[in-house]
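Structure at a glance
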Amino acid sequence: MTYLENKEPPKREDRLKTCITYGGTICGLSKKSKSCCINDSERGFSQGSICLLLPALGMINSLPDNVVLLHGAIGCGGCSHSQNANARSGGNLRWGKVKDALWLSTALNEADVISGGEIKLEKAIIEADRNYRPATITVVAACVPGIIGDDVDGVIERIQPQVSARIIPVHCEGFKTKIWATAYDAVYHGIGRSLLEKPENNKNLNISEFEKLEEKYKLSRTVNLLNVSSMGRVDEVELSRLLGALGLETNIFPVFSKPEEMYKVTHAALSISTCPTHDDYLVKFLEEKFQIPYILRHMPIGIENTNKWIRDIAAFFGLEQQAEKLIKEETRELEAALSEFKAFFKGKRVFVSAGEFRALATAYLLAELGFEIVGVRSFHHDEFAETEYEKLEKAVKNDFTINIANVQPFEEVNLLKKLKPDVFLGHWNGNGTASKLGIATHVIYNTGLSYIGYKGVYELARRLYRQLKNPLFNKKLSKNARLPYTEQWYKSEPFKYIKNQGGEADE
Amino acid sequence: MSSFIERPRYLCALGGAMAAVTALPDTIPILHAAAGCAGNITWTQNGGSGLQVGGYCGGLSVPSSNIQEREVVFGGDVRLREQIAGTLEVIEGKLFVVLTSCVTEIIGDDVKSVVSEFQDEGIDIISAETGGFKGNSYHGYDLVLQTLFKNYLERGIDKVKGRVNVWGIAPYQDAFWRGNLEEVRHVLEKLGLEVNTFFTSHDTLEKIKQAASAELNIVISDIYGVEAANVFEEVHGTPYLVTPLPIGPSASDSFLRSIAEALSLDDSVVEGIIEQENKHYYNYIEPLTECYNDLDLQRYAVVIGDANYAAALTKFLSDDLGWLPELVVFTDQLREEQKPVLTQRTQGLESGLQPKVAFETNGSEVLRHLNEIRPTYSSGKYSDVFGPAFVVGSSLDRELAQTIGAAHLSISFPVANRAVLDRGYAGYRGGLRLTEDLLSAIILAR
Ligand code: SF4
């Protein structure tokens, strides 16, 4: 049975035994393998992090003709203020029009907490439908309705006949899972259950046999390229270019997908993920329900990873020869362009921090550029990444530090003080600590920048070169800004607050 | 009233509280919350606070108990105790403020008693109940001030003549918070006063602890921090004065006079300062005169903002810049009894203009209000349209500006499209800054 028959997706702790605590080295981690960081281990001291609501909104805020209706307290979903920049520029790049994302809040107050928020939600759905006339309304449930026990799905079922927009529930009760990657499941779940049917007026009846054949051929060469907002338009263009070189068409899904075109994801010949952390839930569903096979393996960040990613796809379509030709040409051109940077990067020490797959793939890329990897921090750990650790272990000679943490800059600062890297790559709102230590920094994810494919390797190299060439902003900052940690903490063991079986330190 | 709030221009009480605590000197927030709240607040600042995120211990560095389903079922007291103990070991701070969230308040954790265990050990630690459902950022800011006044300030100390406290601007929620506070401090210091503003780099915890020695509290907001002023008066017996945020010379003149009156300062001294400041102001304005005329820089205006800005900007546009603000929109969630005073602030303008006032939390409704005043587009050869126009609002009002062909400047939250550091619009100098920014937006393509 597919999970989509349930109202809500399971949390990842249960489905994938995902965890967020580990401190040790790469060798230690590969020795421990799956038991490395025991499910549900904890920290005795922790810093704030994000919840699944944020990445979920990152995806949903991009959908055109959609109204996001947050069901929660007034603050939940405020993150849309920064995601709006992506909605604006992303829309502009794709359709030449700048438009703000549209999110609303039911703004639950004290009275609602006592008497329940269902009536308010009902009214808000009706009013949103009437005021904005959207194709879809995504009702995003935050913590409060989860605790006071609002039956969000019940309200939607009840109210759907009265509104013309399609209503999609997305469950994002932050306290229910500490693995925010559950967000991708939550959004895919909502879309998968409600939006994949071909709209009636789109079913062309008068279509000739020839057109039918043509369409069939086209579909046999169309692949779903999944993007949960971890790539910007530049990266989509790069991957479409590479797939196009193999004669394949891409159907990008689900960010910036028009509601009337979402059904297309059920017609493709193959689904391709750029990151198993993101897409396993959807690709398995598409296979089960629509018999669409999938590839869920490599993240096309870095030269070798991009080569592997292309080879997997080519093998599926029997295009191995074309792929080898493409790879040869691309890598030759790229290597030539990289040579001046490589000399400069040689031996420079780098530390990366991001979602697990991205962190590992980027570390691999950096090793290809000649950097020495001194540490990798991943936001969580699950089974998909085992092969990535193996790849990385083979590619780099030295042992290095691994830390699984849902951000937790206190562990990071402790490690950075000891490891003293030349450059640090961290996620959104995750570079401040390294900056204040005077280390050159670069953001590892930003939808306005290029990271993916061959082009991504070159552009990232170019940006790192620029950061390393003049890191004075951070250097000067470090002389004048304070970090909020005690001297005692810098002297402590970095993984001191990881309880039970989470780290090597406990052995 | 709408059953939802469109693109809320504020966070929850916890969001405002966390921002306020991180803005206090050497002060560390400890969130008793689910893991996502800190991130949500951080992302919001990232998108709306003029490129300012965090502070000394803000952003994703804030200690947070990150409670989960288990605590929801069994209670979070144990986890909170452990988290506070860990914070004291890892984080360097002089004052710690525990902030509760939606989840921990609904499950009913006894935060006060956990906190008092640490107080008994002599730790400077206080708490505030800032569950998100209790109100928005501004309310959270007020709650932080309340707990500070009740639980941190030294009690029973003597009042010192000439000492005042100033508040009424919510950090990060007002992207210009630092510049505004600095400028208010600056004009008050001209009066010879000793000023504590809590949140700027001139303030220290030592002085804050002594804040009850002030003879007057000045709340430069009709709404934000007024409840805290009541608490202050109850606990420490200090009276307070509520004034609008003074932007530009006209408002600053009145501001100084009202302070002088409340403190019975020498009239001639105050008038002397007012004269001097105006002279300085117009000395800068003077060379603008030719271009201001030649380029026809007078504008009709729509002002959209929070309770502080909407009224204060209207006053400046009308009475200093000589523009025609015809519509003022307050985007806050306000109680009925809070509205009259705000409406009144936008009336009685020296220009004689009587702008239409709307209380509207949904930004997309502003165009409807505007159309009720006069057409926004030409409908024939002779039509008295709303133009040339300017939209002074937030970055969410760019679509409106585009629709009516107006220039635009983001001032009220969110300010997504500007970098703000020490810029402020309060006081005389703030009026100059604002004139620069407004006119620069008009002549952008010149
Ligand atoms: S953890 Fe809960 S209350 Fe906090 S932002 Fe996420 S959904 Fe909202």
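All values reported here derive from a predicted model rather than from experimental measurement.

Considering the domain arrangement of chain B
All names here are of chain B.
- Examined at the domain level, chain B breaks down into domain 1 (13-151), domain 2 (160-281) and domain 3 (295-415).
- On a C-alpha basis, the centroid separation for the pair domain 1 and domain 3 is 36 Å.
- Taken together, the contact pairs seven residues of domain 1 with six residues of domain 3.
- When the two sides are added together, the surface that domain 1 and domain 3 hide from each other amounts to roughly 510 Å², 47% of it contributed by carbon and sulfur.
- It is Gly48, Asn136 and Tyr138 in domain 1 that bury the most area against domain 3; as a group they hold 68% of the surface buried on that side.
- Linking domain 1 with domain 3 are zero salt bridges, by the criterion used here.
- Linking domain 1 to domain 3 there are four residue pairs in polar contact (both at pLDDT 80 or more).
- Broken down by element, the residue count for the side of domain 1 that touches domain 3 peaks at three residues, all from helix H2 (residues 36-48).
- In terms of residue class, the side of domain 1 that touches domain 3 is built from one nonpolar, six polar and no charged.

A closer look at the site of the ligand
- Every residue lining the ligand is accounted for by Cys51, Leu53, Cys76, Ala142, Cys143, Cys172 and Gly174 of chain A together with Ala34, Gly36, Cys37 and Asn40 of chain B.
- Site remark: the ligand is flanked by residues from chains A and B.
- No other element matches H2 of chain B, which puts three residues into the shell around the ligand.

Digging into the environment of Arg433 of chain B
Residue and element names in this part refer to chain B.
- Counting through the fold element by element, Arg433 comes out in helix H18 (residues 427-442).
- The class of Arg433 is partly exposed, set by a relative accessible area of 26%.
- When residues no more than four places from it in sequence are discounted, the contact partners of Arg433 are Arg423, Gly424 and Tyr425.

Focus: the sheet that holds strand S11 (residues 372-378) of chain A
Residue and element names in this part refer to chain A.
- Reading across the sheet, the six strands line up as S1-S12-S11-S10-S13-S14 and stay open at both edges, with mixed pairing between neighbours. Two strands bound the open sheet, and with one partner strand each, they are strand S1 (22-25) and strand S14 (440-443). Along the sheet, successive strands turn relative to each other by an average axial angle of 15 degrees, direction set aside.
- Lying over the sheet, helix H17 (residues 409-419) contacts strand S10 (349-354), S11, strand S12 (401-404) and strand S13 (423-426), oriented at roughly 170 degrees with respect to S10.

Quick word on the sheet that holds strand S10 (residues 324-330) of chain B
All names here are of chain B.
- Ordered in space as S11-S10-S9-S12-S13, the five strands form an open sheet in which the pairing is parallel. Strands with a single pairing partner mark the edges of an open sheet, and in this sheet they are strand S11 (356-359) and strand S13 (407-410). Ignoring strand direction, the axes of neighbouring strands in this sheet form an average angle of 15 degrees.
- Both strand S9 (residues 300-305) and strand S12 (residues 389-393) contribute to a ladder of four bridges, which runs parallel. By the bridge assignment, Tyr300 is partnered in S12 with Ala389.
- Against the sheet, helix H14 (residues 307-319) makes contact with S9, S10 and S12, and its axis sits at roughly 175 degrees relative to S10, the strand it touches most.
- On the sheet, H18 packs against S12 and S13 and is oriented at approximately 140 degrees with respect to S13.

Section: the interface of chain B and chain A
- Opposite the 67 residues of chain B that make contact, chain A presents 72 residues.
- Here chain B meets chain A over a buried area of about 5,500 Å², counting both sides, of which 56% is carbon and sulfur.
- Counting across the chain B and chain A interface gives five salt bridges.
- A salt bridge links Glu89 of chain B to Lys496 of chain A, with the nearest nitrogen and oxygen atoms 3.8 Å apart.

A short note on unusual backbone geometry
- Here the bond from Phe253 of chain A into Pro254 of chain A is cis, since omega is -5 degrees, no more than 30 degrees from zero.
- Within the fold, Pro254 of chain A resides in strand S7 (residues 249-254).
- A cis amide bond, omega -5 degrees, links Phe413 of chain B with the succeeding residue Pro414 of chain B.
- Examined against the element boundaries, Pro414 of chain B turns out to sit in the loop between S13 and H18.
- In this structure, Arg133 of chain A is a non-glycine residue whose phi angle is positive, near 45 degrees.
- On the secondary structure map, Arg133 of chain A appears in the loop between helix H6 (118-132) and strand S4 (136-141).
- Residue classification places Arg133 of chain A among the exposed residues on the basis of a relative accessible area of 53%.
- Positive phi outside glycine occurs at Lys420 of chain A, with the angle close to 45 degrees.

A closer look at the packing of helix H8 (residues 177-190) of chain B against H18 of chain B
All names here are of chain B.
- Contact pair H8 / H18: the axes reach a minimum separation of 7 Å and the direction vectors enclose 140 degrees. As the angle between them shows, H8 and H18 are arranged oblique. Taking contact as the criterion, the partners of Glu183, His186 and Val187 in H8 are, on H18, Gly427, Tyr428, Arg429 and Gly430.
- Looking at the contact of H8 with H18 residue by residue, the classes come out as two nonpolar, three polar and two charged.

Some thoughts on the layout of surface pockets
All names here are of chain A.
- Roughly 1,300 Å³ of internal volume is contained in the largest pocket.
- In terms of lining, the largest pocket is formed by 40 residues, of which the most central are Asn431, Gly432, Ser435, Lys436 and Leu477.
- Elements represented by at least two residues in the lining of the largest pocket include exactly H17, helix H18 (432-436), S14, helix H19 (453-469) and helix H20 (472-480).
- Taken together, the residues of the lining of the largest pocket sort by class into 15 nonpolar, 20 polar and five charged.

What about the confidence of the model for chain A?
- The share of residues in chain A with pLDDT of 70 or more is 94%, and the mean pLDDT across the chain is 91.
- In this model, residues 501-507 of chain A is a region of pLDDT below 50 whose contacts with residues beyond four sequence positions or in other chains number 26 contacts.

Re the pairing of strand S3 (residues 95-100) of chain B
Residue and element names in this part refer to chain B.
- The buried fraction of S3 is high, at six of six residues.
- With burial as the criterion, each face of S3 is covered, one bearing Leu95, Val97 and Leu99 and the other bearing Phe96, Val98 and Thr100.
- Strand direction decides the pairing type here: strand S2 (residues 27-32) and S3, joined by six bridges, are parallel. Note on S3: the bridge partner recorded for Leu31 is Leu99.

Quick notes on the nonpolar core
- Counting 122 residues, the largest nonpolar core has Leu366 and Val376 of chain A as the members making the most contacts within it.
- Here this core spans two domains, and each of domain 1 (50-177) and domain 2 (323-500) of chain A adds at least three residues to it.
- If sequence neighbours within four positions are ignored, Leu366 of chain A has contacts with Val350, Val352, Phe371, Ile373, Leu425 and Leu464 of chain A.
- Of all hydrophobic cores here, the second largest spans 110 residues; its members include Trp177, Val184, Tyr281 and Ile442 of chain B.

Here we look at the packing of aromatic side chains
- All chains considered together, the criterion is met by 33 aromatic pairs over all chains.
- Ring geometry for Tyr138 of chain B against Tyr224 of chain B: centres 3.8 Å apart, planes inclined by 5 degrees, an arrangement best described as stacked. Remark: Tyr224 of chain B occurs in the loop between strand S7 (216-219) and helix H10 (226-236) and Tyr138 of chain B occurs in helix H7 (residues 137-151); sequence separation between them is 86 residues. Residue Tyr138 of chain B shares its accessibility class with Tyr224 of chain B, and that shared class is buried.
- Between Tyr141 of chain B and Phe199 of chain B the ring centres are 5.9 Å apart and the planes differ by 40 degrees, which places this aromatic pair in the tilted class. Here Phe199 of chain B lies in the loop between strand S6 (194-196) and helix H9 (205-209) and Tyr141 of chain B lies in helix H7, a separation of 58 residues in the sequence. Across the pair, Phe199 of chain B and Tyr141 of chain B agree in class, each one buried.
- Put simply, the rings of Phe341, Phe344, Phe345, Phe371, Tyr458 and Tyr465 of chain A pair up and form one aromatic cluster.
- A cation over a ring is seen here: Arg94 of chain A above Phe256 of chain A, with NZ or CZ 3.9 Å from the ring centre.
- Its end group placed over the ring of Tyr56 of chain B, Arg482 of chain A keeps NZ or CZ at 4.1 Å from the ring centre.

Rules used in this analysis
- Residues numbered from 1 in each chain as written.
- Chains lettered and ligands numbered in written order.
- Predicted model: local features only at pLDDT ≥ 70, side-chain atom pairs only at ≥ 80, totals over all residues.
- Heavy atoms only, no water.
- Domains from an automatic or database assignment.
- Contact = heavy atoms within 4.5 Å.
- Buried area = accessible area lost by both parts, 1.4 Å probe.
- Salt bridge = Lys/Arg side-chain N within 4 Å of Asp/Glu carboxyl O.
- Polar contact = N/O pair within 3.5 Å; in protein donor to acceptor, adjacent residues only side chain to side chain.
- Helix = DSSP H or I, 4+ residues; strand = E, 2+ residues; numbered from the N terminus.
- Nonpolar A, V, L, I, M, F, W, Y, C, P; charged D, E, K, R; others polar.
- Near = heavy atom within 4 Å.
- Buried < 20%, exposed > 50% of the residue type's maximum accessible area, 1.4 Å probe, protein only.
- Pairing = 2+ DSSP bridges.
- Axes fitted to C-alpha atoms, helices over the stretch in contact; angles between N-to-C directions.
- Parallel < 35°, antiparallel > 145°, perpendicular 65-115°, else oblique.
- 1 Å grid on protein atoms, 1.4 Å probe; cavity = no way out; pocket = protein on both sides within 12 Å on 5 of 7 lines; lining within 4 Å.
- Points joined across faces, edges and corners; volume = space filled by probe spheres on them.
- pLDDT = per-residue confidence, 0-100.
- Core = buried A, V, L, I, M, F, W, Y, C linked by side-chain atoms within 4.5 Å.
- Phe/Tyr/Trp six-rings, centres within 6.5 Å; stacked < 30°, edge-to-face > 60°.
- Lys NZ or Arg CZ within 6 Å of the ring centre and 35° of its normal.

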